[in-house]
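A structural walkthrough
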Amino acid sequence: MNSFFLTTPIYYVNAKPHLGHAYTTIVADAVIRFHKMLGEDTFFLTGTDEHGDKIMRAAEQQGRSPQEFVDEISASFHDLWPLLGIRHDRFIRTTDLEHRRAVQAFLQRVYDAGDIYFGEFGGHYCYGCERFYTEKELENGLCPQHKTRLEFISEKNYFFKMSRYLPWLKDHIEKHENFIRPHRYRTEVLAMLESGELEDLCISRPKTRLQWGIELPFDNAYVCYVWFDALINYISALGWPNGPDCASRWPGEHLVAKDILKPHAVFWPTMLKAAGLPVYRHLNVHGYWLVRDTKMSKSLGNVIDPLETGRRFGLDAFRYFLLREMRFGEDASFSEDALISRINADLANDLGNLFSRVLSMAAKYFASRVPEPSVLMREDEAVAELCLHSLQNFIQLFGNAQFDTALESLWETVRALNKYVDSQAPWALHKRGDTARLATVMHMLLTAMRKTALCLWPAMPDAAGRMLEQLGSPAAGNAPPVYDLQRESGAFDGLAPGTIVAETSNIFPRIDVKREPSGNVKKAKN
RNA sequence: CGCGGGGUGGAGCAGUUCGGCAGCUCGUCGGGCUCAUAACCCGAAGGUCCCAGGUUCAAAUCCUGGCCCCGCAACCA
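The text that follows walks through the structure, step by step, so that each part is easy to find. Since this is a predicted model, take the numbers as computed values, not measurements.

**Some details on helix H13 (residues 336–366)**
By the largest-angle criterion, Ala-348 marks the main kink of H13, which is about 35 degrees. Count one or two residues on from H13 and you reach Ala-367, which has phi positive near 50 degrees.

**Focus on helix H17 (residues 435–456)**
Between its first and last C-alpha, H17 extends 31 Å over 22 residues, near the 32 Å set by a 1.5 Å rise per residue. Within H17, 20 of the 22 residues are buried, leaving the element largely enclosed by the surrounding structure.

**Points about the pairing of strand S1 (residues 3–12)**
On a regular strand, one side chain projects to one face of the sheet and the next to the other, so that they alternate. Burial within S1 is extensive, with eight of its ten residues counted as buried. Direction of pairing for S1 relative to strand S2 (residues 41–49): parallel, over a ladder of eight bridges. In the strand pairing of S2, Thr-7 is matched with Leu-45. A crossover links S1 with its parallel partner S2, the connecting element being helix H1 (residues 19–37), and its sense is right-handed. One ladder, built from two bridges, connects S1 with strand S12 (residues 253–257); its direction is parallel. Paired with Leu-6 across the bridge in S12 is Glu-253.

**Remarks on the side chain of Asn-418**
Tracing the backbone through its elements, the reader meets Asn-418 in helix H15 (residues 403–424). We classify Asn-418 as buried; its relative accessible area is 13%.

**What about the packing of helix H11 (residues 306–313) against H13?**
One way to put it is that H11 packs onto H13 with a least axis distance of 12 Å and a crossing angle of 35 degrees. When the axes of H11 and H13 are compared, the crossing they make is right-handed. Counted together, Thr-309, Arg-312 and Phe-313 of H11 and Glu-336, Leu-339, Ile-340 and Ile-343 of H13 form the full contact between these two elements. For the contact of H11 with H13, the residue count by class is four nonpolar, one polar and two charged.

**Digging into the packing of aromatic side chains**
Applying the stated criterion across every chain, the model contains 28 aromatic pairs. Both rings, one in Tyr-11 and one in Phe-77, keep their centres 5.5 Å apart while their planes meet at 15 degrees; by these two values the pair is stacked. Here Tyr-11 is found in strand S1, whereas its partner Phe-77 is found in helix H3 (residues 66–83), with 66 residues between them in sequence. Using a relative accessible area of 0% as the deciding quantity, one classes Phe-77 as buried. Between Phe-34 and Phe-398, the ring centres sit 4.8 Å apart and the planes meet at 40 degrees, which makes this aromatic pair tilted. In this pair, Phe-34 sits in helix H1 while Phe-398 sits in helix H14 (residues 378–399), placing the two residues 364 residues apart along the sequence. Across this residue pair, the class does not change: Phe-34 and Phe-398 are buried. Taking NZ or CZ as reference, Arg-33 lies 5.1 Å from the ring centre of Trp-457, over its face.

**As for the packing of H14 against H17**
Helix packing geometry: the angle between the two helix axes and the distance between the axes. Running from N to C, H14 and H17 cross one another at 5 degrees; their axes reach a closest spacing of 11 Å. Comparing the axis directions of H14 and H17 gives the class roughly parallel. Two secondary-structure elements touch here, H14 through Glu-379, Asp-380, Val-383, Ala-384, Cys-387, Leu-388, Leu-391 and Phe-394 and H17 through Arg-437, Thr-440, Met-444, Ala-448, Lys-451 and Cys-455. Taken together, the residues that form the contact of H14 with H17 break down as nine nonpolar, one polar and four charged.

**Observations concerning the nonpolar core**
The nonpolar side chains of soluble globular proteins are, as a tendency, buried together. One finds Trp-81, Trp-289, Phe-394, Leu-446 and Leu-456 to be the most contacted residues of the largest nonpolar core, which totals 111 residues. Beyond its immediate chain neighbours, meaning those up to four positions away, Trp-81 contacts Tyr-11, His-21, Ala-22, Thr-25, Thr-46, Ile-86, His-88 and Phe-91. With 62 residues, the next largest nonpolar core counts Ile-214, Phe-218, Trp-240 and Trp-268 among its residues.

**Focus on the sheet that holds strand S11 (residues 219–224)**
Sheet architecture is open: three strands sit in the order S9-S11-S10, paired in antiparallel fashion. One side of each edge strand has no neighbouring strand; the edge strands of this open sheet are strand S9 (204–206) and strand S10 (215–216). Pairing of S10 with S11 involves two bridges; the strand directions are antiparallel. The residue of S11 that forms the bridge with Leu-216 is Asp-219.

**Examining the side chain of Thr-270**
Among the structural elements, Thr-270 can be located in helix H10 (residues 261–274). Within the structure, the side chain of Thr-270 is placed 2.7 Å from the backbone oxygen of Phe-267, a separation counted as a polar contact. Thr-270 has contacts with Phe-160, Met-162, Tyr-165, Leu-166, Trp-168 and Leu-169, leaving out every residue within four places of it along the chain.

**Some remarks on the pattern of salt bridges**
Tallying each qualifying case throughout the model produces 32 salt bridges. Linking Arg-186 and Glu-177 is a salt bridge whose minimum nitrogen-to-oxygen distance equals 3.8 Å. Accessibility expressed as a relative area gives 9% for Arg-186, which makes it buried. With its nearest N and O atoms 3.9 Å apart, the salt bridge here joins Arg-324 to Glu-408. With Arg-324 in helix H12 (residues 315–325) and Glu-408 in helix H15, this pair connects stretches of sequence that are 84 residues apart. On the basis of relative accessibility, which here comes to 14%, the residue Arg-324 falls in the buried class. Residue Glu-408 is classed as partly exposed on the basis of its relative accessible area of 36%. Among the charged side chains, a network of salt bridges with common partners joins Arg-450, Lys-451, Arg-487, Glu-488 and Asp-493.

Conventions used here
Residues numbered from 1 in each chain as written. Chains lettered and ligands numbered in written order. Predicted model: local features only at pLDDT ≥ 70, side-chain atom pairs only at ≥ 80, totals over all residues. Heavy atoms only, no water. Bend = angle between axes of the 7 residues up to and from the residue. Helix = DSSP H or I, 4+ residues; strand = E, 2+ residues; numbered from the N terminus. Expected span 1.5 Å × (residues − 1). Buried < 20%, exposed > 50% of the residue type's maximum accessible area, 1.4 Å probe, protein only. Pairing = 2+ DSSP bridges. Right-handed = clockwise from strand over helix to strand, strands pointing away. Axes fitted to C-alpha atoms, helices over the stretch in contact; angles between N-to-C directions. Left-handed = near helix turned anticlockwise from the far one by under 90°. Contact = heavy atoms within 4.5 Å. Nonpolar A, V, L, I, M, F, W, Y, C, P; charged D, E, K, R; others polar. Phe/Tyr/Trp six-rings, centres within 6.5 Å; stacked < 30°, edge-to-face > 60°. Lys NZ or Arg CZ within 6 Å of the ring centre and 35° of its normal. Parallel < 35°, antiparallel > 145°, perpendicular 65-115°, else oblique. Core = buried A, V, L, I, M, F, W, Y, C linked by side-chain atoms within 4.5 Å. Polar contact = N/O pair within 3.5 Å; in protein donor to acceptor, adjacent residues only side chain to side chain. Salt bridge = Lys/Arg side-chain N within 4 Å of Asp/Glu carboxyl O.

In structure tokens form, the structure reads like this:
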């Protein structure tokens, strides 16, 4: 059995989870479910990143210990995912003992191989920003943020010989078209590599400045730089260096947002190379959700709470919206208007109504039993062909991280089925008493709907499960998959005549909106 | 000239690799159907494809120059 390992980033615990975190994790959950349906042995990792300056300061401000502080925020992430219908296999924290041990083992290995050296590092240090500035970055010798005169500090630190692996990395990216996707981020990384600005990576912080981190195994006066620590979670979670899972599941693939492209596209592969480990299979990079054209931020007060939104509009509808609305890789804007529009147009009108009208006719004309089809006509064959084609497209696109386009391709079938209902007019066939033809049409519709429901399971597990149940098939559930998507896309079958289906369906209710003079959209009260 | 992405009917986007009648969803307007969740189906209106120049039988697409927006270069998915 093929194994499929996917990670989200480990989220930095300086704030509570928002829409962005939810998006990444929901996409990951959908991808994992998709691979389950392809019959693969999946492993889904998420977690929290808990070391570094910022955490230390945030904890101090609240007068608490860093550990106490990170415990609380980490729990808010950990507890959120099940409420959003997400089933991860492992939740890692960088403060976990086994992670800390793995980081030290990794450091030691790279150190022993001669790729970590002790060197002098000088720069203009700003205590406000807690970072060094280069001569070029200063504005008239002042910190660009704080406008204060900076001290030149010279400090000894440990460096990872990253530069040594950059030519290899460039070559690898050039040879593997889909290593970093979508393409625009691949282009960006290649530009980074060609700019010649990348140097060796400073991977230590002296304890005199920072204690909240993992101690270097070869020098206890220093702690490890957060990124070097954090990235290793992707293998420490598998039990690296000695756990059996690591050998069977690594290399996996990663899902990240564009802001952390560089650490994942440059630091991490070179780190793996230096440690003699295989590099990951794919880095999937997505954009930002904007709210009224700007980035979400606490100070603007436009942070979207995923749990509240999910509960208000329905978890599955919310998941569908996130996957469908954002072109993977690009930024997208979030608004309740857009969400309601997707729910009504795509889910209620197109899909839900199709489901409802077909089941209702099946009840009326065949007492809710799947009828035996007779001779197929040209338009029936066209529908079957379109449906299978759409399934195959879906599999290809979803597997290539084009979730929006994948779902769009499914809707081609949904729309075609609505047209097919109209053009075949089962009610007219019924009136005319053409039972053979009526049976064929209904069988086509029910079969196509079942296929569609299968593809929807990764995006909307609960709704798709109910659709399948209403079609007399077992729900997919969270158990090992009972469906093989690849096989299902090869033949227009799966619904045996005689199967009992539901009499009616209301899985995707319409949201009634009332437009006020101001243009605001309000949820109407029933 | 730091790097990257983008500017296409009212809104959101595809199309640009490799030039060939400007396409999709939403919204608006008109019609149809009566199986269905005021849904569904058909049709229509609506575009100087950011600007200027160039190449070409032909440019959203290629070339040159310019304008505007966004992101990265700093630990917010």
